[in-house]
Amino acid sequence: MALCLLLAAPAAAQYNERPALVGSGAPGVDASGRSIKNKRVRAIHDSDPTAQGATGALIQRDPFLAYQLGRNLNFREFRTRDGVFSTIGNLGGPMPDGTTAKITANNQLSCSGCHNLPQGNPGGGVSFHKDGGFSRNSPHYFGAGLVEMLALQTRAQILSACDTNGDGWIDVAEATSAPALNVETYPGGPNVKFGSLALSGGATGVPSLNNIFRVWFVDATGSPVSGASEVDGVATVGFNFHMVVWGWGQGPGRSALNPTNRAFYWDPANAHSGLQAFDPSTTNDPNGDGVSLPTTSGAIQFPATHRAPDDGSAMDAMGFSRTDPDGDLYMNEISEGDLDLAEWFMLNIPRPAFAGSKKDFIRGVTLMERMKCTTCHQPRWDLKPQDATFDGDRRLFDLNVTWNKTTERLEGALNPLYTKVGLDFAPNRSGFAVEGIFSDFKHHDMGDGFKETDFGGVENTLWRTPFLWGVGSGFPWGHDGQSLTIEHAILRHDGEGSSSKIAFQSASARDRERLLRFLSNLVLYDVESLPSDLDGDGVISPNFVVAGMDTGMERFNAEWLFQTPLQIQGPVTVAGNVIRSFAGTNIDAAYQQLAPYRVDADSDGWPDVWDAAPGVPGYKDGVN
Ligand code: HEC
Ligand code: HEC
């Protein structure tokens, strides 16, 4: 029964708009301040930092507001008036056999319908029918920026070693002479072997890269040749690739789901909520090689394989798409600017924590080394600083969350990763040691223990080594969520994982217990209520004052860091008790709702600059 409650809870725990003040008598009230305070207005993409309220200006000049707006796109429950769904609960796209239906589509109003443990965070926890009857489990995406950056860095590193003429793809000569793909995890750390670029038939065929990579084949100009499945020396003379870092795995030759955070916003927004994004940033590929220029957040995209569902084939004079792929008459349901903000949030989501001392951490890693877990669950990877090859750490800040032995709690400290130049926040793009991530970014054959038989009967045993950070808060476990304890997940390690499982089984009871305790201390936390040093003065104030109001415990709430910080309502009497209301008294100013590119006079979700009838509510296209 307790289990049912746990699993049932998230559905009722999504986030809607509740901007009203406590005691106002309006229905949309939330004393906790955690609901969405800003109006749903399509964000406008413009890289000009002086275009007030457009995404370039938000990300460069009010970056914590951009983070919060992205958070709200990740947590928001979309409504009919926002264009959510067309049909509800239909079966989506075919399985590999070409006929069997896949995923139950159009089944959630919000990312947080599934990514919800802990609630109000990009957690995981909900399993649903995606590929087979034993379900797929939603992983958390804490630390998503670090994961994406390490994946893009690994690709850049392989290209810099093997693409000797620097044209961005691999030709036959380069494939033939490429060194083995051994990528160092951190300076002096172990290497991970990703395979070989050499073609199966010498001058023709396919490279043998680990299944986490997806390969596409190109013509003599480097352009993707659609439908090609090998280098044939005629139509295709080379190939290109990316790491599909996200997703548990889709089996041999199909890699996994998405290579970037931006794609992992527009894809589920479409699949689960029927909201189709239009995204010129993804198709901004002047040389046509299937790889875009960097987005506003600095990540390249891969239009060769991943394009947002609304292709913008019908355009409005004002620059939004009128294509309406799902035919529900709601246009441009997710805008390019929305994706800029969602991506900016995902880039900057804090990483998981370890609830123990440095010494406990080292002891745990040593145990994992002894049981050969770390051959796959690699504890550390380093991001390299920016140079001609690498992008550096593109994040705005790092929230360093550690265990305080004295107070016996997790505490955060905000470390800015930017330099402020005039009005602009410029990311430093330094290096960063990603400690405690526990993955080799590879797919492995895990044998019978983790076998999936999909709806159509196709079996798969090939899975990505999951990042174990946060695994202690990861209930349930495994790609299918069928493990209700961590130990059960370990005991399902067959195939390439079997010798490690045997090492676990033959360890002393005490060591097994210590290992399980260590894993359960790799935790998630509620980002916004965690006591945190926000202003860098080295203490966590019990009475942190923002905009003249006592907000209580100092904590990481992005609203405190806006250009115009949110002013909270503060003490109000409710039913005879004085409570502190975190509703906002200056929402328009704090959330820049009156900025030229965001103002939406008729509150129909269409900013006035995109609205042919800015005084008449028209949720579908500004007019109707
Ligand atoms: C219906 C439940 C559901 C909804 C809604 C949902 N997801 Fe997921 N998500 C999942 C599942 C299940 C997976 C794993 C899928 C797989 O690999 O087969 C996943 C995977 C992910 C991953 C990759 C995590 C990893 O470790 O590989 C990210 C990132 C992600 N989702 C982000 C989002 C965002 C952003 C949204 C909203 C736009 C969203 N999801 C909506 C269920 C959901
Ligand atoms: C051969 C590579 C490999 C080795 C060695 C290995 N693992 Fe794994 N591990 C995986 C893969 C792949 C999965 C995902 C399997 C799935 O869910 O289908 C996984 C899943 C897990 C999970 C579940 C994670 C989650 O989010 O659900 C835990 C916990 C885990 N491993 C711990 C360990 C421990 C502890 C050891 C050492 C005793 C170990 N692993 C050894 C590859 C490995």
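Description of the structure in this document. Along each chain, the written sequence defines residue order, and numbers are assigned to residues from 1. For naming, the first written chain is A and the first written ligand is 1, with later ones following in the order written. Under the rules for a predicted model, residues below a pLDDT of 70 receive no local features and side-chain atom pairs below 80 are neither given nor counted, while totals for whole chains, interfaces and linings still include all residues. Where side-chain values are given, they derive from all heavy atoms of the structure, hydrogens and water being excluded.

Looking at the packing of helix H6 (residues 263-273) against helix H7 (residues 336-348)
All axes are obtained by fitting lines to C-alpha atoms, using only the stretch in contact for helices, and the reported angles, taken between N-to-C directions, cover 0 to 180 degrees. Put simply, DSSP H or I for four residues or longer makes a helix, DSSP E for two residues or longer makes a strand, and each gets a number counted from the N terminus. In contact at an axis separation of 9 Å, H6 and H7 are set at 115° when each is read in the N-to-C sense. On H7, the residues touching Phe264, Tyr265 and Trp266 of H6 are Leu339, Ala342 and Met346. Gly is placed with the polar residues, together with every amino acid not listed as nonpolar (Ala, Val, Leu, Ile, Met, Phe, Trp, Tyr, Cys and Pro) or charged (Asp, Glu, Lys and Arg). By residue class, the composition of the contact of H6 with H7 is six nonpolar, no polar and no charged. Whether two residues are in contact is decided by their heavy atoms: any pair within 4.5 Å suffices.

Thoughts on the sheet that holds strand E14 (residues 397-404)
A pair of strands is labelled paired if DSSP reports no fewer than 2 bridges between them. Spatially, three strands are ordered E14-E15-E24 in an open sheet, and the strand pairing comes out mixed. Each edge of the open sheet carries a strand with a single partner, namely E14 and strand E24 (532-533). In this structure, strand E15 (residues 409-416) lies alongside E24, joined through two bridges in parallel fashion. Bridge pairing in E24 links glycine 412 to serine 532.

Details of the coordination of the iron atom of ligand 2
In this structure, His377 (NE2) and His493 (NE2) serve as the protein donors to the iron atom of ligand 2, at separations of 2.0 to 2.1 Å. Viewed at the metal, the six donor atoms of the iron atom of ligand 2 are separated by angles of 87 to 179°, and the geometry they form is octahedral. Linking histidine 377 in the loop between helix H8 (358-370) and strand E13 (380-383) with histidine 493 in the loop between helix H9 (486-491) and helix H10 (498-506), this pair joins segments that are 116 residues apart in sequence. Histidine 493 matches histidine 377 in its accessibility class, with the two residues each being buried. The donor set covers N, O and S atoms within 2.8 Å of the metal, switching to 3.2 Å for Na, K and Ca, and it leaves out water, so a site may look short of donors. The rule is simple: four donors are tetrahedral if all their angles sit between 85 and 135 degrees, four are square planar and six octahedral if opposite donors span more than 155 degrees and the others lie between 65 and 115, and anything that fits none of that is irregular. Relative accessibility decides the category of a residue: with a 1.4 Å probe and only protein chains considered, values under 20% of the type maximum give buried, values over 50% give exposed, and everything between is partly exposed.

Quick word on the packing of aromatic side chains
Side-chain rings of Phe, Tyr and Trp, where Trp is taken by its six-membered ring, are said to pair if the distance between their centres is within 6.5 Å; with planes under 30 degrees apart they count as stacked, over 60 as edge-to-face, and otherwise as tilted. According to the stated counting rule, one finds 25 aromatic pairs in the structure shown. Ring centres of phenylalanine 194 and phenylalanine 213 lie 5.4 Å apart, and the angle between their planes is 85°; on these two criteria the pair is classed as edge-to-face. Placement of phenylalanine 194 in the loop between strand E7 (191-193) and strand E8 (195-199) and of phenylalanine 213 in strand E10 (residues 213-218) is noted, with a sequence separation of 19 residues between them. Classification of phenylalanine 194 as buried rests on a relative accessible area of 1%. Centroid distance phenylalanine 320 to tryptophan 606: 4.4 Å. Interplanar angle 50°. Geometry classified as tilted. Note that phenylalanine 320 is positioned in the loop between H6 and H7 and tryptophan 606 in the segment after helix H12 (587-590), a separation of 286 residues in sequence. Per residue, the accessibility class of phenylalanine 320 equals that of tryptophan 606, and both read buried.

Looking at the site of ligand 1
Residues are counted as near a molecule or strand when any one of their heavy atoms sits within 4 Å of it. Near ligand 1 lie 26 residues; those nearest to it are Cys111, Cys114, His115, Lys130 and Arg136. Any pair of N or O atoms that falls within 3.5 Å is considered a polar contact. Within protein, one atom must be able to donate a hydrogen and the other to accept it, and sequence-neighbouring residues count only if both atoms are side-chain atoms. At a separation of 2.7 Å, an oxygen atom of ligand 1 approaches a polar backbone atom of glycine 247. Take tryptophan 248: an N or O atom from its main chain is 2.8 Å from an oxygen atom of ligand 1. Among the secondary structure elements, those contributing two or more residues to the shell around ligand 1 are strand E4 (136-137) and H6. At five residues, H6 tops the list of elements feeding residues into the shell around ligand 1. Its residues assigned to classes, the shell around ligand 1 comprises 13 nonpolar, 10 polar and three charged.

Section: the site of ligand 2
Cys373, Cys376, His377, His479 and His493 are the nearest of the 27 residues found near ligand 2. Histidine 479 places a side-chain nitrogen or oxygen 2.5 Å from an oxygen atom of ligand 2. Elements supplying a minimum of two residues to the shell around ligand 2: strand E22 (462-464), H9 and helix H11 (509-520). For the shell around ligand 2, the element with the most residues is H9, which contributes three residues. Partitioned by chemical class, the residues of the shell around ligand 2 number 15 nonpolar, nine polar and three charged.

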